[in-house]
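# Chain and residue survey
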Amino acid sequence: MNEIKNILVAVDFGDGDQQLLDRALQMAQKFSAKIWVIHVAAPEPDFVGYDVGPQYIRDVRAEDLKTEHKTLDAYADYLRKTGLQADGLLIQGQTVETILQEAVKLKTDLFVVGTHKHSFLYRFLNTNAPFELAKKADIPLLIVPLD
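Conventions adopted
Residues numbered from 1 in each chain as written. Predicted model: local features only at pLDDT ≥ 70, side-chain atom pairs only at ≥ 80, totals over all residues. Heavy atoms only, no water. Helix = DSSP H or I, 4+ residues; strand = E, 2+ residues; numbered from the N terminus. Buried < 20%, exposed > 50% of the residue type's maximum accessible area, 1.4 Å probe, protein only. Contact = heavy atoms within 4.5 Å. Areas by Shrake-Rupley, 256 points an atom, 1.4 Å probe, with all protein chains shown as cover. Pairing = 2+ DSSP bridges. Axes fitted to C-alpha atoms, helices over the stretch in contact; angles between N-to-C directions. Core = buried A, V, L, I, M, F, W, Y, C linked by side-chain atoms within 4.5 Å. Expected span 1.5 Å × (residues − 1). Right-handed = clockwise from strand over helix to strand, strands pointing away.

### Brief notes about the overall build of the chain
If you tally the helices and strands in the chain, you get five helices and five strands. Counting helices and strands in the order they occur from the N terminus, the chain gives β-α-β-α-β-α-β-α-α-β. The 147 residues of the chain split such that 39% are buried. Looking at the chain alone, contacts between residues at least 24 apart form 76% of all its contacts between residues at least 6 apart. In the structure as shown, the chain presents an accessible area of about 9000 Å², 53% of it carried by carbon and sulfur atoms.

### As for the environment of Val-144
By the element assignment, Val-144 lies in strand E5 (residues 141–145). Residue class for Val-144 comes out buried when judged on its relative accessible area of 4%. The sequence separation of Val-144 and Leu-20 amounts to 124 residues, and the corresponding C-alpha distance is 6.9 Å. If near-sequence neighbours (up to four positions away) are discounted, Val-144 is found in contact with Leu-20, Arg-23, Val-112, Val-113, Gly-114 and Thr-115.

### Considering the sheet that holds strand E3 (residues 86–92)
Pairing is parallel across the open sheet formed by five strands, whose spatial order is E3-E2-E1-E4-E5. Since the sheet does not close on itself, it has two edges, and those belong to E3 and E5, each with one partner. The sheet shows a mean angle of 25 degrees between the axes of neighbouring strands, taken without regard to direction. Sheet analysis places strand E1 (residues 6–10) next to strand E4 (residues 110–115), joined by three bridges and oriented parallel. Bridge pairing in E4 links Ile-7 to Leu-110. Helix H2 (residues 55–80) contacts strand E2 (34–41) and E3 of the sheet and is inclined by roughly 160 degrees relative to E3. Of the strands in this sheet, E1, E2, E3 and E4 are in contact with helix H3 (residues 95–105), which crosses E2 at around 150 degrees.

### A few points about the nonpolar core
Counting 23 residues, the largest nonpolar core has Ile-7, Val-9, Ile-35, Val-37, Leu-79 and Val-112 as the members making the most contacts within it. When contributions to this core are tallied by element, the ones reaching two or more residues are E1, helix H1 (17–31), E2, H2 and E4. If you tally residues by element for this core, the top one is H1, at six residues. In this view, Val-112 contacts Ile-7, Leu-8, Val-9, Ala-10, Leu-20, Ala-24, Leu-142 and Val-144; residues no more than four positions away in its chain are not counted. Membership of the second largest hydrophobic core comes to 16 residues, among which are Val-40, Leu-89, Ala-103 and Ile-139.

### Some remarks on the environment of Val-112
Mapping Val-112 onto the fold places it in strand E4. For Val-112 and Val-11, which are 101 residues apart along the polypeptide, the C-alpha to C-alpha distance reads 9.1 Å.

### Side note on H1
Helix length check: H1, at 15 residues, gives a terminal C-alpha distance of 21 Å against a target of 21 Å (1.5 Å per residue), a fit within 8%. Here H1 has its buried residues at Asp-17, Leu-20, Leu-21, Ala-24, Leu-25, Met-27 and Ala-28. Count one or two residues on from H1 and you reach Ser-32, which has phi positive near 55 degrees.

### Things to note about the pairing of E1
Among the five residues of E1, five are classified as buried, and the element is accordingly described as predominantly covered. A two-sided burial pattern is seen for E1, the buried positions comprising Asn-6, Leu-8 and Ala-10 on one face and Ile-7 and Val-9 on the other. As judged from the five bridges shared by E1 and E2, these two strands associate in the parallel manner. Residue pairing for E2: Ala-10 is matched across the bridge by Ile-38. The handedness of the E1 to E2 crossover, carried by H1, is right-handed.

In short, shape yes, function no, at least from these values alone.
Here it is in structure tokens:
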């Protein structure tokens, strides 16, 4: 395996985030790598073809993004306390495409993502970001089971 300098860990602010951070931390400590914690937020409504809506909706959305940004900062602080470099990134867009674009910009050497166990019907009806990343990425992918 080539040297790992940049690890990109994708979080969704769910129960499994701590597992993902800890697994990325283990890998980063072995290679003295930097960890990038990324969360891809839903794109703005006008980006996907909807009207922006009333001001109160924009205010709620802005508050949500502010809270998500604070959470990412807390995750990065947790990782930095171990002596490693870590930064949080909050980006709006389509999940898989946005992660792949950021991975190129950050010269990512390893993805760390989580997946939950779901029924066949659920997987059939819903896209699964970790497996879409596995299909489209040229970067090693560590998929952490979160159940």
